Amino acid sequence: MSLKIYNTLSREKELFTPLTPDHVGMYVCGPTVYSDVHLGNCRTFISFDIIYRYLVYLGYKVRYVRNITDAGHLEGDRDEGDDKFSKLARLQKVEPMEIVQKYTLGFRHVMQLLNNLPPSIEPTATGHIAEQIEIAKQILNNGYAYEVNGTIYFDVEKYNKEQSYGILTNRKMNDLLEGTRELGGQDEKRGRLDFALWIKAKPEHLMQWPSPWGMGFPGWHIECSAMSEKYLGKKFDIHGGGMDLAATHHTNEIAQSQACYHTSPANFWMHTNMLTVNGTRMSKSLGNGFLPEELFTGNHPLLDKAYAPMTVRFFMLQTHYRSTLDFSNEALQASEKGLKRLWDAYEVLKQLAVGSEQLAIDAELDAKVNKLVNEFDEFMNDDFNTAKVLGSMFELVPVINSIKDGLIKADAMSASTLALLQQKFKAYLEDIFGLQNSAANNDTLNGVMDLLIEIRKESKTKRDFATSDKIRNQLATIGINLKDEKGGEMSWGIN
RNA sequence: GGUCCUGUAGCCGAGUGGUUAGGCAAAGCUCUGCAAAAGCUUCUACACCGGUUCGAAUCCGGUCGGGACCUCCA
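Residues numbered from 1 in each chain as written. Chains lettered and ligands numbered in written order. Predicted model: local features only at pLDDT ≥ 70, side-chain atom pairs only at ≥ 80, totals over all residues. Heavy atoms only, no water.

**What about empty space enclosed by the protein?**
Taken as a whole, this structure holds one cavity of 30 Å³ or more when the rule is applied. Forming the walls of the largest cavity are Arg43, Ile46, Ser47, Ile50, Ile51, Met316, Leu317, Thr319, His320, Tyr321, Phe384 and Thr386. Of all the elements in the fold, those that place two or more residues in the lining of the largest cavity are helix H1 (39-57) and helix H10 (309-317). If one sorts the elements of the lining of the largest cavity by residue count, H1 sits on top with five residues. (1 Å grid on protein atoms, 1.4 Å probe; cavity = no way out; pocket = protein on both sides within 12 Å on 5 of 7 lines; lining within 4 Å. Points joined across faces, edges and corners; volume = space filled by probe spheres on them. Helix = DSSP H or I, 4+ residues; strand = E, 2+ residues; numbered from the N terminus.)

**Topic: the nonpolar core**
Formed by 139 residues in total, the largest nonpolar core has its most connected members in Leu55, Phe154, Met393, Leu421, Phe425 and Phe433. Among the elements that make up this core, the one with the highest residue count is H1 (ten residues). Not counting chain neighbours up to four residues away, the residues in contact with leucine 55 comprise Leu3, Phe16, Val24, Met26, Tyr60, Val62 and Ile238. Counting residues in hydrophobic clusters, the runner-up holds seven residues, among them Ile453, Ile471, Leu482 and Met490. (Core = buried A, V, L, I, M, F, W, Y, C linked by side-chain atoms within 4.5 Å. Buried < 20%, exposed > 50% of the residue type's maximum accessible area, 1.4 Å probe, protein only. Contact = heavy atoms within 4.5 Å.)

**Things to note about the packing of helix H11 (residues 329-351) against helix H14 (residues 415-432)**
Running from N to C, H11 and H14 cross one another at 135 degrees; their axes reach a closest spacing of 10 Å. Considering the angle they form, H11 stands oblique to H14. In terms of crossing hand, the pair formed by H11 and H14 is left-handed. Residues Leu342, Trp343, Tyr346, Leu349 and Lys350 of H11 form the contact with H14, whose participating residues are Leu418, Leu421, Gln422, Phe425, Lys426, Leu429 and Glu430. A per-class count over the contact of H11 with H14 returns eight nonpolar, one polar and three charged. (Axes fitted to C-alpha atoms, helices over the stretch in contact; angles between N-to-C directions. Parallel < 35°, antiparallel > 145°, perpendicular 65-115°, else oblique. Left-handed = near helix turned anticlockwise from the far one by under 90°. Nonpolar A, V, L, I, M, F, W, Y, C, P; charged D, E, K, R; others polar.)

**Structural notes on the pairing of strand E2 (residues 12-15)**
Sheet topology places strand E1 (residues 4-7) next to E2; four bridges connect them, and they run antiparallel. If you follow isoleucine 5 over to E2, its bridge partner there is glutamate 14. Between E1 and the antiparallel strand that follows it, E2, lie four residues; arginine 11 among them carries a positive phi value of about 60 degrees. (Pairing = 2+ DSSP bridges.)

**A few points about the sheet that holds strand E6 (residues 151-154)**
Spatially, E5-E6-E7-E8 is the arrangement adopted by the four strands of the open sheet, whose pairing is antiparallel. Pairing within the sheet leaves two strands with one partner each, and these edge strands are strand E5 (145-148) and strand E8 (216-218). Recorded for the sheet is a direction-independent mean angle of 20 degrees between the axes of neighbouring strands. In this structure, E6 lies alongside strand E7 (residues 195-200), joined through three bridges in antiparallel fashion. In the strand pairing of E7, phenylalanine 154 is matched with phenylalanine 195.

**Digging into the sheet that holds strand E12 (residues 280-281)**
In space, the three strands of this open sheet follow the order E12-E11-E13, with mixed pairing throughout. Both edges of this open sheet fall to E12 and strand E13 (325-327), since each of them pairs with a single strand only. Pairing geometry for strand E11 (residues 275-277) and E13, over three bridges, is parallel. Bridged to threonine 276 within E13 is aspartate 326. This element, H10, spans E11 and E13 of the sheet and lies at about 145 degrees to E13.

**Some words on the packing of aromatic side chains**
For the structure on display, the rule yields 22 aromatic pairs. A centroid spacing of 6.5 Å and a plane angle of 25 degrees characterise the contact between tyrosine 346 and phenylalanine 425, whose relative ring orientation is stacked. A residue pair is termed long-range when its members are at least 10 positions apart, and tyrosine 346 in helix H11 and phenylalanine 425 in helix H14 qualify at 79 residues. With respect to class, tyrosine 346 is no different from phenylalanine 425; both count as buried. Here the aromatic residues Tyr54, Tyr57, Tyr321, Trp343, Tyr346, Phe376, Phe384, Phe425, Tyr428 and Phe433 are joined through ring pairs into a cluster of three or more. Above the ring of tyrosine 6, the side-chain terminus of arginine 322 is found at 3.9 Å from the ring centroid. (Phe/Tyr/Trp six-rings, centres within 6.5 Å; stacked < 30°, edge-to-face > 60°. Lys NZ or Arg CZ within 6 Å of the ring centre and 35° of its normal.)

**Thoughts on the side chain of threonine 272**
Mapped onto the elements of the fold, threonine 272 is located in strand E10 (residues 266-272). The class of threonine 272 is buried, set by a relative accessible area of 0%. Reaching out from threonine 272, the side chain makes a polar contact with the side chain of threonine 44 at a distance of 3.0 Å. Not counting residues within four places of it along the chain, the set of residues in contact with threonine 272 comprises Thr44, Ser47, Phe48, Gly241, Gly242, Met243 and Tyr321. (Polar contact = N/O pair within 3.5 Å; in protein donor to acceptor, adjacent residues only side chain to side chain.)

**Some remarks on the domain arrangement of chain A**
Assigned domains within chain A: domain 1 (19-272), domain 2 (292-432) and domain 3 (443-494). Put simply, the middle of domain 2 and the middle of domain 3, counted by C-alpha atoms, are 27 Å apart. Of all residues in domain 2, Lys340, Lys404 and Asp405 give up the largest surface area on contact with domain 3, accounting jointly for 85% of the area buried on that side. Summed over the shared surface of domain 2 and domain 3, the result is one salt bridge. Two residues, aspartate 344 and lysine 483, come together in a salt bridge whose shortest N-O distance is 3.5 Å. At the junction of domain 2 with domain 3, the criterion picks out zero residue pairs in polar contact (both at pLDDT 80 or more). (Domains from an automatic or database assignment. Buried area = accessible area lost by both parts, 1.4 Å probe. Salt bridge = Lys/Arg side-chain N within 4 Å of Asp/Glu carboxyl O.)

**Looking at helix H15 (residues 443-461)**
Counted at 1.5 Å a residue, the expected span for H15 with its 19 residues is 27 Å, and the 27 Å between its end C-alpha atoms agrees. By the burial criterion, the buried members of H15 are Met449, Ile453, Arg456 and Ser459. In an axial view of H15, the angular spread of the buried residues amounts to 125 degrees, which keeps them on one side of the axis. Along H15, exposed side chains directed more than 90 degrees from the buried face belong to Asp443, Thr444 and Thr461. Turning to H15, the residues buried within the fold contact helix H16 (465-477), strand E14 (480-484) and strand E15 (490-494). (Expected span 1.5 Å × (residues − 1). Arc of directions from axis to C-beta.)

Right, dumping it as structure tokens:
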């Protein structure tokens, strides 16, 4: 039982061994809080939430750091001008920190709805200006950066003479140079690939800090180098983020760490794939993204209906994190039904008890259940293959339902097998996959439902089907499903 | 142009050189006052053309299509 993780650096699955036994340090690039997170952003954070939860399940003590970028992220593609926060703040006539506050709270709210656990530390760029200046200073001292007019640039070509700059995405320097478009307004830079560590601020700039090179603000890439080093050390286990960050942001992070500390920051680089809409990436700049709120309310022209946060989470679990996932109403609705089926079986499973005799154990069934259950860990250990785990879980659903309906005797399975099944379903559905029951847990509602069920049972006994159908149909119109179980019992659930 | 990923049944999607992934949809049957749910059964696919192999959707080469990154984006 050993965990294998696909490492972008080596482009293969590698055996995961933490630097410090039993401890894992993981850094994930968080959101830039100048606008609402869209569903594509959420995919990355859900993926890493599940990775985090699984590492904890394996018994590791995990320090999970996910930053909030609240400064230094430039608008456009030149290293001058406003950062995104200052620009928006000026447009809306508010403080940059009001922008930051608004979208940070929004982000956290969405994370909570999707049942993502909070990271161990959620540091902000503005809270680590001093650390970022220190790194820029050190890189300057080490000779891998130069100052022009109060702005500090990283000297990519010089760095590339000693280290391979494009190592993460397997790019050669010459290819990179050819592929880079000629941009205007870059007279200051020596090399086309050079990027800013620190940027000189114009006097009217709203967010600026004193530095040895005058008033300015940090470049985008340096914040992650500063915060990961501060909380996880110069070298840590896992660095993650969306695939779109690999070629630029993460490549520059590696260069910064090498130039500053002479080490690559992370052993494992993990990248989650994109969420697409009609085959094209969901992104802020394309404007084809769904906001989580639009999804949860169904208030969007492309949405047939509203989808619960757990449906969205489950939808994402059904594919591997390194595959693209295409959004569609059909796919979401399939997930909604699939999740319901799985969760209903889980509710049944929780109630199952072994027969006392234990005389009729069906060895074949017992072995099958054991095999399927043991596959959960096996599949997760193979680079977090949640899709395969769900496949095995669904294969167990008919077994669970058949026991409930008496088609399989409860004691056909050994007590230990049933206990294992119950324990693993709970661990996976709740602890690792982070799914929750969407039905309201409300004592008042439960009381009302108990009463309605009682009346319906009575009317059925009296063969007063008009009344019994009325109860069922009326409830259906408000989204509550009544099910007649075998033996006259009734259960209910909220759609 | 460069780097890389990808093309799987109506839809979404796993996947290993030889074994039905799974979900949704559809059809039939059982159960049921009816319905729903549930159970059983059916639908058996891997872009195209070559090659390697006893055997390839899975490996190799080519063709065509889709996408990502190389410029802000998870």
